[in-house]
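So the chains spell out like this:
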Amino acid sequence: MADGTAYVTDPRMLAHDPGAGHPERSDRLRVLQDRVAAEPGLVRIGARAATDAELARVHTAELIARVDASGGRPRVHFDPDTATSAGSSDAARLAAGSVVSLCEAVLAGQVRNGVALVRPPGHHAERDRAMGFCLYNNVAVAARALRARGVPRVAIVDWDLHHGNGTQHSFEDDPSVLYVSTHQYPFYPGTGAAHEVGRGAGAGRTLNVPCPAGFGDAEFARLFDEAIVPILRQFAPEFVLISAGFDCDGRDPLGGLVLTPAGIARMARVLTSLAEERAGGRIVAVLEGGYDLAALTDGLDAVLDAFRGASEPEAVRGDARAADGVLARVRAAHAAYWRL
Ligand SMILES: [Zn+2]
């Protein structure tokens, strides 16, 4: 059985600069790179650029050409929040390709699990559109690569503060990929209502858990225990991907969720246990958002502890009755698809 926890990252991803004062700044990745460099016992996996064929499983040729064409130019604007610098197109290819590279190492049994420290982030990127700080949808490209390598069922759990509209849309009619998102709602980008459950053959394979501002560790523990984990168990993924945004931490300047590192550690441990139980231990966390540097490093520590076998989650204390309404909406939306 595969052993060891890996990471993948590359200094060239620091060269993506979306503009002075932008919250998605290179220091976010720099503090995480410093953190893994100081951590003994992690296996480093080589970064690589995604190929055209890998990107084309998710994105249109037009979008890929536009991002490529931005390379070497000082500034190209893709939407009001999303701009590139000379190094951004290389960074974006490396971000997507590095996640694939790590997933391949886990699938090959070279390592047991791992974290992909990448930027620009990915979960808002649509098939034909860069948006919300994202150029390519890194986690979607990786899920498609796993499917192409014969993994029958992939679960993506997105605990970033924001809804991953691009990831949802990539897989909404695909029964082989379960997309689960907890997110502040209503909030940017506006999608992610509980009744968005997927369509066609993918009906029931999109699980949105929209949370009001103010939800924290206790509410998230209930949402995981009473809805997310039961559905993941029934889906029985062969590989688990986490869209790990650390903007759900209460210190984040952009959002209104109030998780602490203990709450994030609990989510990471619950998902690691599920991967051990159902997916041969195969789990990879992919950096999405997170704009407070201390929240980023604490979040990475929480994920690494879980991946390296930290004990079962402790009970989270606190009144979680505020989650009743969200759970009722999720149960109603998914009653036709899962036992809850
Ligand atoms: Zn986010």
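Every chain is numbered on its own, with residues counted from 1 as its sequence reads. Where totals are concerned, whole chains, interfaces and linings use all residues; where local detail is concerned, this predicted model gives features only for residues with pLDDT of at least 70, and gives and counts side-chain atom pairs only at 80 or more. To obtain the side-chain values, all non-hydrogen atoms of the structure were used and water was disregarded.

Asks: Help me understand the overall build of the protein chain, please; the structure alone is not making it clear to me.
Replies: Helix and strand assignments follow DSSP, with helices taken as H or I runs no shorter than four residues and strands as E runs no shorter than two, numbered in order from the N terminus. Helix and strand counts for the protein chain come out as 10 helices and 10 strands. In terms of overall size, the protein chain behaves like a compact globule, its C-alpha atoms giving a radius of gyration of 18 Å where 340 residues would be expected to give roughly 20 Å. A 1.4 Å probe rolled over the protein chains alone gives each residue an accessible area, and that area as a share of the maximum for its type sets the label: buried under 20%, exposed over 50%, partly exposed in between. Sorting the 340 residues of the protein chain into buried and exposed places 60% on the buried side. Entry remark: accessible area of the protein chain is about 12,000 Å², with carbon and sulfur atoms responsible for 50%. Seen as two clouds, the 35 positive and the 42 negative side-chain charges of the protein chain have centres 4 Å apart. Radius of gyration here uses only the C-alpha atoms, and the compact-globule reference equals 2.2 Å multiplied by the residue count raised to the power 0.38. The accessible surface values rely on the Shrake-Rupley method and a 1.4 Å probe; as for residues, cover is taken only from the protein chains in view. Counting rule for charge: Lys and Arg are taken as positive, Asp and Glu as negative, and neither His nor the chain ends is counted. To locate a charge, the coordinates of NZ of Lys, CZ of Arg, CG of Asp or CD of Glu are taken.

Asks: Looking at this structure, I do not really get the side chain of Arg119. What am I missing?
Replies: By the element assignment, Arg119 lies in the loop between strand S5 (113–116) and helix H5 (138–148). Overall, Arg119 belongs to the buried group, its relative accessible area being 0%. Polar contacts, as used here, are pairs of N or O atoms within 3.5 Å; protein pairs need one atom able to donate a hydrogen and one able to accept it. Residues neighboring in sequence count only if both atoms are side-chain atoms. At a separation of 2.8 Å, a polar atom in the side chain of Arg119 contacts the main-chain carbonyl oxygen of His16. Among the polar contacts made by the side chain of Arg119, one reaches the side chain of Glu24 at a distance of 2.7 Å.

Asks: Would you mind showing me how to read the coordination of the zinc ion here?
Replies: Geometry reference: four tetrahedral donors at a metal, ideal angle 109.5 degrees. Six octahedral donors, ideal angles 90 or 180 degrees. The donor definition counts N, O and S atoms within 2.8 Å of each metal and applies 3.2 Å to Na, K and Ca; water is not among these atoms, so some sites may look incomplete. Taken together, Asp160 (OD), Asp160 (OD), His162 (ND1) and Asp247 (OD) make up the full set of protein donors to the zinc ion, lying 2.0 to 2.8 Å away. Donor angles set the geometry label: tetrahedral for four donors if every angle is between 85 and 135 degrees, square planar for four and octahedral for six if opposite donors exceed 155 degrees and the others are between 65 and 115, irregular for anything else. Around the zinc ion sit four donor atoms, and with donor-metal-donor angles ranging over 52 to 156° the site reads as irregular. We note that the donor set of the zinc ion lies within a single chain, spaced as D-x1-H-x84-D. Here Asp247 lies in the loop between strand S9 (239–244) and helix H8 (261–278) and His162 lies in the loop between strand S6 (154–158) and helix H6 (165–171), a separation of 85 residues in the sequence. Classification of Asp247 as buried rests on a relative accessible area of 0%.

Asks: Got a minute to help me understand the packing of aromatic side chains in this structure?
Replies: Each aromatic ring pair is described using two quantities: the centre-to-centre distance and the angle formed by the ring planes. Only centres within 6.5 Å qualify two rings of Phe, Tyr or Trp (six-membered ring in Trp) as a pair; their planes then separate them into stacked at under 30 degrees, edge-to-face at over 60, and tilted for everything else. Using the criterion set out here, one finds two aromatic pairs in the structure. On the basis of an interplanar angle of 90° and a centroid distance of 5.8 Å, the ring pair of Phe133 and Tyr291 is categorised as edge-to-face. One end of the pair, Phe133, is in the loop between S5 and H5; the other, Tyr291, is in the loop between strand S10 (283–287) and helix H9 (293–307), and 158 residues separate them in sequence. Measuring from centroid to centroid gives 6.5 Å for Trp159 and Phe246, while their planes differ by 55°, and the two rings are tilted. With Trp159 in the loop between S6 and H6 and Phe246 in the loop between S9 and H8, this pair connects stretches of sequence that are 87 residues apart. Overall, the relative accessible area of 0% leaves Trp159 in the buried class. The exposure class of Phe246 is buried, given its relative accessible area of 4%.

Asks: What am I meant to see in empty space enclosed by the protein here?
Replies: The probe, sized like a water molecule, is rolled over the atoms to show the empty space still left. Site definitions follow a grid-based scheme: protein atoms alone, a 1 Å grid, a 1.4 Å probe that fits but cannot get out for cavities, and for pockets an open set with protein on both sides within 12 Å along at least five of seven lines, plus lining residues having an atom within 4 Å of a point. Grid points are joined across faces, edges and corners, and a volume is the space filled by probe spheres set on the points. Inspection of every chain in the model, using the stated rule, returns one cavity of 30 Å³ or more. The volume enclosed by the largest cavity comes to roughly 50 Å³. Forming the boundary of the largest cavity are Val115, Ala116, Leu117, Ala244, Phe246, Ala285, Val286, Leu287, Leu300 and Val303. Counting residues per element, the ones that place at least two in the lining of the largest cavity are S5, S10 and H9. Here the element with the most residues in the lining of the largest cavity is S10; it accounts for three residues. When the residues that make up the lining of the largest cavity are grouped by side-chain class, the tally is 10 nonpolar, no polar and no charged. Put simply, Ala, Val, Leu, Ile, Met, Phe, Trp, Tyr, Cys and Pro go in the nonpolar bin, Asp, Glu, Lys and Arg in the charged bin, and everything else, Gly too, in the polar bin.

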